[in-house]
Amino acid sequence: RVTTSLSVAGSGTDTESGSATLEAVFDGPNVAVTVSDVSLSSDPGAADQADQLEGRIVDDSVYVRDGDTWRSAPGGSLASSTAKKFLDPRAVLDPVKDLTDITDLGPATIDGVETTHYRGVVDLGGESVASWLASMDPSAEKVKAEGEATVDLYVGGDGLLRHLDVTGNAQDPDSTDGATFTLTTVFSDLGANLDVEAPANAVPFGDDTTVFGQNGD
C-alpha cells in the first residue's frame, strides 16, 4: 500500500496551487488508486471532480469510476495508456533514479520500524523527473522544469523503502512561472496479500468519452 500526499504552491501567471492525497493498493502488477483531499486554487469545481477519482489497472486493462458507473479501456488503447500515466503511482519513484550527493544520515524510526535515513539531490531537468512530472499532468506531452529537489529516503533493514520525502522548487525555463512542492510517500502493509479485481459490469469507454483529456479510442 502506498499513500502519497502532494502540496504545490505556484508562482507566476500559469501555475496552480493545491494539494491532494493518493492511495494505491498493489496486487502484483494490478493496482487500485483512490484520490482524496483535493484542492485547487483556481478551480474548486475541478477539485471536487478530482476528489472523486477512483481507478484500477487489472491485467493491463484500465478501469475508471465515472459517477456510479465504471468505465473500461483495454490495454494498448489510447485511453488506457493515458490513464496509466496517472493511475500507476510507481512513477513517484522516478526521481530516485537520478539521485546524486547521497548521504547516510543514520538510523531513524518510521512507524515503529527501524530504518536508515538517506538524503540526496535530484536535478529537476533530468529525464526521470520529467517523466514523473508528466505523470501528474497526463494531458501534457512533456513537462519541462529547472531546479533541484531534495529527496529523503528511509530504508528498512530488509532493504525495502518505507518512507520518501521530496521537496523542491521547480522553474519553467521558458517563463517566469515556478512552484515549490512537497511530496510525502508512505509505504505500508509490505508483504500483505491485498486483492485488486476488475469492477463488475464495467462499460467500455466510447468515442465521445474523455479520459484525462484523451478520447476512448
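Here goes a summary of the coordinates provided.

Rules behind the numbers
Going along each chain's sequence as written, the residues are numbered from 1 onward. For a predicted model such as this one, the threshold for reporting local features is a pLDDT of at least 70, and the threshold for listing and counting side-chain atom pairs is 80 or more; totals across whole chains, interfaces and linings nevertheless cover every residue. Note: side-chain values were computed over all heavy atoms of the structure, leaving out hydrogens and water. Every helix listed is a DSSP run of H or I at least four residues long, and every strand listed is a run of E at least two residues long, numbered separately from the N terminus. Two residues qualify as a contact provided that any one of their heavy atoms is within 4.5 Å of a heavy atom in the partner residue. What sets the accessible areas is the Shrake-Rupley method with a 1.4 Å probe; for residues, cover comes only from the shown protein chains. Only strands that DSSP links by at least two bridges are regarded as paired with each other. Grouping into patches uses exposed residues only, defined as over 30% relative accessible area, and leaves out salt-bridged ones; the cut-off is 9 Å for like charges and 5 Å for nonpolar side chains (Val, Leu, Ile, Met, Phe, Trp, Tyr). By definition here, a salt bridge exists when the distance from a side-chain nitrogen of Lys or Arg to a carboxyl oxygen of Asp or Glu is within 4 Å. A residue counts as positive if it is Lys or Arg and as negative if it is Asp or Glu; His and the chain ends are not included. Charged side chains are reduced to one point each, which is NZ for Lys, CZ for Arg, CG for Asp and CD for Glu. Here the term buried applies to any residue with accessible area under 20% of the maximum for its type, exposed to any over 50%, and partly exposed to those in between, with areas from a 1.4 Å probe on protein chains only.

1. Remarks on the overall build of the protein chain
Moving on, step 1. Assigned secondary structure in the protein chain consists of 3 helices and 14 strands.
Moving on, step 2. Here the contacts in the protein chain between residues at least 6 apart in sequence split such that 52% fall between residues at least 24 apart.
Moving on, step 3. If you sum the accessible surface of the protein chain, you get close to 11,200 Å²; carbon and sulfur atoms cover 47% of it.

2. Comments concerning the sheet that holds strand S1 (residues 2-11)
Moving on, step 1. The 12 strands are arranged S7-S8-S9-S10-S11-S1-S2-S3-S4-S5-S6-S12 in an open sheet whose pairing can be described as mixed. This sheet does not close on itself; its edge strands, each paired only once, are strand S7 (100-110) and strand S12 (203-204).
Moving on, step 2. Here strand S9 (residues 148-156) pairs with strand S10 (residues 161-171) via 7 bridges, running antiparallel. Paired with Ala-149 across the strands is Gly-168, a residue of S10.

3. As for a negative patch on the surface
Moving on, step 1. Taken together, the side chains of Asp-98, Asp-101, Asp-123 and Glu-148 present a region of like negative charge at the surface.
Moving on, step 2. Within the secondary structure layout, Asp-101 lies in strand S7.
Moving on, step 3. With relative accessibility at 60%, the residue Asp-101 sits in the exposed group.

4. So, unusual backbone geometry
Moving on, step 1. The phi dihedral of Asp-37 falls on the positive side, at around 55 degrees, and the residue is not glycine.
Moving on, step 2. Tracing the backbone through its elements, the reader meets Asp-37 in strand S3 (residues 30-40).
Moving on, step 3. At Asn-201, a residue that is not glycine, the phi angle is positive and equals roughly 60 degrees.
Moving on, step 4. Counting through the fold element by element, Asn-201 comes out in the loop between strand S11 (178-187) and S12.
Moving on, step 5. On the basis of relative accessibility, which here comes to 74%, the residue Asn-201 falls in the exposed class.

5. Describing the pairing of strand S6 (residues 69-73)
Moving on, step 1. Across 5 bridges, strand S5 (residues 61-66) lies against S6 in antiparallel orientation. Paired with Val-62 across the two strands is Ala-73, which belongs to S6.
Moving on, step 2. In this antiparallel pair of consecutive strands, S5 and S6, the connection spans 2 residues, and Gly-67 shows a positive phi of 65 degrees.
Moving on, step 3. Here S6 runs beside S12; their pairing, made up of 2 bridges, is parallel. The residue of S12 that forms the bridge with Arg-71 is Val-203.

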